[in-house]
Amino acid sequence: MRILVVEDDLEAQRYLVNGLKEAGHVVDEAADGETGLALALSRPYDVAIIDRMLPKMDGLAVVAEMREHGNNMPILFLSALSEVDDRVKGLKAGGDDYLTKPYAFVELLARIDALMRRRSPSAVKTKLSVGDLDLDLLTRTATRAGQVIDLQPREFRLLEYLMRHAGQVVTRTMLLESVWEYHFDPQTNVIDVHISRLRAKIDKGFDVLLLQTIRGAGYMIRAR
Amino acid sequence: MRGSFFRHWSPGLLRTQAFRIVLIYVFVFAVSATALVGFTYWNTERSLDAQTDQIIEVEVAGLREQYQRLGLIALSDAINGRVAQHGSGLYILVSPTGSVLAGNLTELPSSAKVTGRFVEFDYQRNQQGQDVTHTARGQAFFLTGGFVLLVARDVSERRLTRQLFTTTLPWSVGLMLLFGLVGGALLSRNMLARLDVINRTSADIVAGNFSRRVPVTNAHDEFDALAENLNRMLDRIERLMKGMRNVVDSVAHDLRTPLNRLRNRLEETQRRLGPQDSYTADIEAAIAETDRLIATFNDLLLIAEADAGAARGRMTQIELTAVVEDVAELYAPLAEEKNISLALAPAGVVTIEGNRSLISQALANLVDNAIKYTPAGGQVGIVVAETPTGIDLTVADSGPGIPEEERERVLERFVRLESSRNSPGTGLGLSLVAAVARMHDARLTLGDNGPGLRATISFPRTPQRKSRSDIREPSVPA
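*Asks:* Help me get a handle on the pairing of strand β10 (residues 379-386) of chain B, residues and values and all.
*Replies:* Residues and elements named next belong to chain B. Relative to β10, strand β8 (residues 341-344) runs parallel, the two sharing four bridges. Residue pairing in the sheet places A343 in a bridge with G381 of β10. Alignment of β10 against strand β11 (residues 390-397), held across seven bridges, turns out to be antiparallel. The partner of E386 across the bridge, within β11, is I391. Following β10, the chain reverses through three residues before pairing antiparallel with β11.

Written out as structure tokens, the structure reads:
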């Protein structure tokens, strides 16, 4: 995957570029808004990681300009600003996701994976399947190996999100943001408890465990 | 403009201070003006009467002397002489047999009112061929030989003046009161309108719109002076707020950047080390410590932002019961795992103006605390209740609670009780809840649940945008 990194803090930029390359991506970098915009408009990237505050041209302005040119490249904002107001501004300006510094690298990787996947949405799906687990989005029913699994509405949404990102790491923060629409960190890790309950419902009694915990990162659903 | 002109003719006008002052002033003015005019009239009449009496007495003395020195004929002559001068004097000299000897009165009055040494009586006077009743005041006495002499002066005009005065005085007082009231109403309406503008502007500013200013007219009066002073104060507050926002922003930026580098380097090192390396555990601990530092920092920033009113712009109508249900649902499995019953008391639809994200976070903090400190088998209850003054959101648990003397202290930043020193948390949870409450014009109170802690966020009934009547109400003591 080709990724554009626009970051003026060179130390942070070096770290980002190295980490992404280690993860197997092809990375271009820019240290100011104008260069970043020029690169974004001239080459096809799968995703752009753009800092909110940049010299020469602000991150918000870069993204607004890109969208004005009809460029719909997925964009992840990085920001060191305080969060309350800036997330909304970032998403309004055309960003697809927003991550506040300091962040965990696994969080960033999981999010750009999700962004790149979002870019190529196949036709509107009404059924999701992972292994022998099936989710019918129309009838709102889940079955595993033909057996109906009884799910609460929120558990259904949780499973749906995991299955839409099957084979990808999904972090706790991503789940909180997408399934519960909360942008804060609960002091206790409540998500873990929700996941273990869901796991008990879909994996109990089966040899193949579909819902896996990825240590230090989050969760992933996949058929081995 | 038209709308605002008529808006002030409300029953509320009677309750305004300005109108009351005008009312009292008009009343005092009417009473004192009436008293003044009355006294002047009474005094004038008295001195005029005294003057008349004096003239009569002088005349009587003169005529009596004439009679004593020169006799009856001379007296008659003198009387006729005075009558011929066409003065305002009235005279009649009657013989003991009743015949009129001299004077311009046709007969002695049949009845008279006696006031002291004087009499007042009515007599007929020919005016343009018609007999008209006039009033006169004079002195009558007997001369030696049985003659009666009456000397008087016409006082009809003064009686007429008095009549005029007594009939017109109530009218003029009435008119004075009427004009006073109309003037007072106009004056207080005008004052009210201008005060209202100031009130509404300040309410707007309290709600977080710091760019609002009180309009200044061209009248250069006290209200303009007040408005200018208020605006100067607001400029200053706005500058301070902006300064604070800038500090918060730059502190956020300048601390997050090195924290970011620190975390990045630690993660990089962690990646380079294999899972079996002996330093891996240390690096992991260092990352966890960094994350705690970041969490504390984020909580502090959020408290600062909530107190700076920065998030006020994103207040919307939110359904409080739905927000509460969502948080309860988020924590239900956690409570169940600890064998704690988490109960949400059913409530109707309750809407408040607020920030969903911040209220959720505050409530999550309270529920998190409640579950953390309640022993297994205990209860945690969440209640949304309408009270006479607003809406109470209460989280009550059956844990150890907080001693009464510590309850105020735990709302301060970083205060953690000895008993919880070693459990996870930044020590900012309750301060954050209190800050979010303050931002919503609400109050966080900690109470005894006997046993346990009872944390209540009391939202006012009409948060933020106050209606006009709410602004005026406090200035009018019931």
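*Asks:* Could you give me a rundown of the sheet that holds strand β10 (residues 170-171) of chain A, with the residues and numbers involved?
*Replies:* All names here are of chain A. The three strands are arranged β10-β12-β11 in an open sheet whose pairing can be described as antiparallel. Among the strands making up the open sheet, the edge pair consists of β10 and β11 (211-214). The sheet contact formed by β10 and strand β12 (residues 218-221) spans two bridges and is antiparallel. Bridging from a neighbouring strand, T171 pairs with G218 of β12.

*Asks:* Tell me about the packing of helix α7 (residues 320-337) of chain B against helix α8 (residues 356-373) of chain B, and please be specific about residues and values.
*Replies:* All names here are of chain B. Where α7 contacts α8, the axes come no closer than 10 Å and their chain directions differ by 30°. Taken together, the axis directions place α7 and α8 in an arrangement best described as roughly parallel. Viewed along their axes, α7 and α8 form a crossing whose handedness is right-handed. On α8, the residues that touch V323, V324, D326, V327, L330, Y331, L334 and A335 of α7 are R356, I359, S360, L363, A364, V367 and I371. Partitioning the contact of α7 with α8 into residue classes produces twelve nonpolar, one polar and two charged.

*Asks:* How would you summarise the environment of V384 of chain B if you had to cite specific residues and measurements?
*Replies:* Residues and elements named next belong to chain B. The topology assignment puts V384 in strand β10. With 21 C-beta atoms counted inside 10 Å, the residue V384 sits in the buried group. For the pair V384 and P346, spaced 38 residues apart in sequence, the C-alpha separation works out to 8.0 Å. Excluding residues within four positions of it along the chain, V384 makes contact with L320, T321, V324, A347, V350, I391 and L393.

*Asks:* Give me the lowdown on the nonpolar core, citing residues and values where you can.
*Replies:* Burial of nonpolar side chains together is a common tendency in soluble globular proteins. Judged by nonpolar contacts, the single largest core of 80 residues is most densely connected at Y331, A362, L363, V367, V433 and V436 of chain B. Among the elements that take part in this core, α8 of chain B stands out by supplying ten residues, more than any other. Excluding residues within four positions of it along the chain, Y331 of chain B makes contact with V190 of chain A together with L342, V367 and I371 of chain B. Grouped together as the second largest cluster of nonpolar side chains are 32 residues, A12, I49, L54 and L78 of chain A included.

The rules behind each value
Residues numbered from 1 in each chain as written. Chains lettered and ligands numbered in written order. Predicted model: local features only at pLDDT ≥ 70, side-chain atom pairs only at ≥ 80, totals over all residues. Pairing = 2+ DSSP bridges. Helix = DSSP H or I, 4+ residues; strand = E, 2+ residues; numbered from the N terminus. Axes fitted to C-alpha atoms, helices over the stretch in contact; angles between N-to-C directions. Parallel < 35°, antiparallel > 145°, perpendicular 65-115°, else oblique. Left-handed = near helix turned anticlockwise from the far one by under 90°. Contact = placed C-beta atoms within 7 Å. Nonpolar A, V, L, I, M, F, W, Y, C, P; charged D, E, K, R; others polar. Buried ≥ 20, exposed ≤ 12 C-beta atoms within 10 Å, placed from the backbone. Core = buried A, V, L, I, M, F, W, Y, C linked by C-beta atoms within 7 Å.

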